[in-house]
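Take a look at the letters that make up each chain.
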Amino acid sequence: MGAVQKLATVVIIGLVALATVLTVYIAREPERRSSEAAEQEDVSIVRGTELYITYCLQCHGPAGLGSLGNEETPRIGAALNQDGAGIPEDSRNVNFQSDDPAAKQAAEEWIRYRIHYGIPSDPTETEKLMPAFAQDLNGEQISDLVTLIMSGNWNYVYNTAVTETGSTVAQAECDDGEGEYCDDLEEAPPAYPTAPPPEAAEADADAGEDASEGDDEVDDTDPAAGDAVTQLEADDPYEWSQYELTLAPGDTIEVTNVGFSQHDFTVDELGISEDLPNDETVTITIPEDAEPGEYEFYCSVPGHREGGMVGTLTIEAP
Ligand SMILES: [Cu+2]
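Residues numbered from 1 in each chain as written. Predicted model: local features only at pLDDT ≥ 70, side-chain atom pairs only at ≥ 80, totals over all residues.

Trainee: I'd like to hear about the overall build of the chain, residue by residue, with values.
Mentor: Across its full length, the chain holds eight helices and eleven strands. Out of the 318 residues in the chain, the part that is buried amounts to 26%. The contacts in the chain between residues at least 6 apart in sequence include a share of 54% that link residues at least 24 apart. (Helix = DSSP H or I, 4+ residues; strand = E, 2+ residues; numbered from the N terminus. Buried ≥ 20, exposed ≤ 12 C-beta atoms within 10 Å, placed from the backbone. Contact = placed C-beta atoms within 7 Å.)

Trainee: Break down the confidence of the model for the chain for me, citing the residues and quoting the values.
Mentor: Per-residue confidence for the chain gives a mean pLDDT of 79; residues scoring 70 or more make up 78%. Segment residues 192-227: pLDDT under 50, and 38 contacts once partners within four positions in sequence are set aside and those in other chains are kept. (pLDDT = per-residue confidence, 0-100.)

Trainee: Could you give an account of the environment of T163, with specific residues and numbers?
Mentor: Topologically, T163 is positioned in helix α6 (residues 154-175). For the pair T163 and E186, spaced 23 residues apart in sequence, the C-alpha to C-alpha distance is 9.8 Å.

Trainee: Now, about the nonpolar core: what can you tell me, with residues and values included?
Mentor: Residues I149, Y158, V255, F297 and L313 are the most contacted members of the largest nonpolar core, which totals 46 residues. Ranked by residues supplied to this core, first place goes to α6 with five residues. Two domains each put at least three residues into this core: domain 1 (3-158) and domain 2 (197-315). Sequence-distant contacts of L313, defined by excluding residues within four places in its chain, comprise L245, L247, V267, Y295 and F297. (Core = buried A, V, L, I, M, F, W, Y, C linked by C-beta atoms within 7 Å. Domains from an automatic or database assignment.)

Trainee: An account of the sheet that holds strand β6 (residues 252-257) is needed here, citing residue identities and associated values.
Mentor: Note on sheets: strands pair through backbone hydrogen bonds, and any given pair is parallel or antiparallel. Pairing within the open sheet is mixed, and its four strands lie in the order β4-β3-β6-β9. Each end of this open sheet is capped by a strand with a single partner; those strands are β4 (239-240) and β9 (281-285). (Pairing = 2+ DSSP bridges.)

Trainee: Outline unusual backbone geometry, supporting the account with residue identities and numerical values.
Mentor: A cis amide bond, omega -5°, links D236 with the succeeding residue P237. Tracing the chain through its elements places P237 in the loop between β3 (230-235) and β4. In this model, D279 sits at a positive phi of 65°, which is unusual for a non-glycine residue. Relative to the elements of secondary structure, D279 occurs in the loop between β8 (272-276) and β9. Look at D279 and you get exposed, because 10 C-beta atoms sit within 10 Å.

Trainee: Tell me what's going on with the environment of L313, and back it up with residues and numbers.
Mentor: With respect to the helices, strands and loops of the structure, L313 is situated in strand β11 (residues 310-315). In this structure L313 comes out as buried when scored by C-beta crowding, with 24 C-beta atoms within 10 Å. When the C-alpha positions of L313 and T246 are compared, they lie 5.8 Å apart, and in sequence the two are 67 residues distant.

Trainee: So what's going on with helix α4 (residues 101-117)? Residues and values would help.
Mentor: Here α4 is 17 residues long and its end C-alpha atoms lie 24 Å apart, about the 24 Å a rise of 1.5 Å per residue gives. Among the residues of α4, those classed as buried are A107, I111 and I115. Projected onto a plane normal to the axis of α4, the buried residues spread over an arc of 60° and lie on a single side. Counted as exposed and oriented over 90 degrees from the buried face of α4: A102, Q105, E109 and Y113. (Expected span 1.5 Å × (residues − 1). Arc of directions from axis to C-beta.)

Trainee: Describe the packing of α4 against helix α5 (residues 139-151), and please don't skip the residues or the numbers.
Mentor: Here α4 crosses α5 at 130°, and the two axes come no closer than 10 Å. Of the possible angle classes, the one that applies to α4 and α5 is oblique. You can see that α4 and α5 cross each other, and the crossing is right-handed. Here α4 contributes K104, A107, E108, I111, R112, I115 and H116 to the contact with α5, which in turn contributes I142, L145, V146, I149 and M150. (Axes fitted to C-alpha atoms, helices over the stretch in contact; angles between N-to-C directions. Parallel < 35°, antiparallel > 145°, perpendicular 65-115°, else oblique. Left-handed = near helix turned anticlockwise from the far one by under 90°.)

Trainee: Explain the pairing of strand β5 (residues 244-247) residue by residue, including any values.
Mentor: Burial along β5 is one-sided: the face carrying L245 and L247 is buried and the face carrying E244 and T246 is not. By the bridge criterion, four bridges tie β5 to β11 in an arrangement that is parallel. Residue pairing across strands places E244 opposite T312, the latter belonging to β11.

Shown next as structure tokens:
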């Protein structure tokens, strides 16, 4: 081969290699761009969640359900988690979690507008139903909130809210003079940011009395001592009426779904998995051969356990 031919071969091979590299690079460009965008969206959602907890939680609730949240003290805000609230999409009501590009744009503009200007209680009054946040939040922060509301995971918001407000609740207890976690607020268990539902509050009070009374330990929480049937309620969005159950093998528990959503009662290790039809009470029996110990009971509907529908079932020796 002559020198010229050799050179030509090298050049051709080089060009082919370059073309291949370029083709691969160009072909992967959209993928690269979309993974970058997804990463950016995640960062935005995490920041949005913190802002939400600081500025919006108070009125719109931990699950973004606002006044539809089925909480003991109803929130005054609107449902921002419209999918979770089951708000149907119609011509006037743009769904905030829609995938449709036109609906998305309309939702984005509307949410941005609301955060910016708030809601006057009356056009002539200065007092607002929802404060205007244009002064307190900058453009990027408002965008983070919009991204959170439209694309965030409300279970994540709920869990973050519940965990972060645990120390706030503990702090409030200490301020009132009697707190369990005054020495280390960070150790405080997660708390629901509103008062617990009545049944849970009573159970807590009972537990508190039992603990403080010390020696009359033979109490009514001992399942073997009384014939009271243990009752449990499942409620929306992701609640049990109590999170600590104590039972013995062969005991029964009556579980009622008092919410509108689908829920179930599941204990993996005991092979229990019972659907809970709405407004019905299901009686579940703890297997006779259940080993004493602590088990997790939860709702296996996707997102519900993560949302907080998980508690501890203690099986006592028979
Ligand atoms: Cu559930």
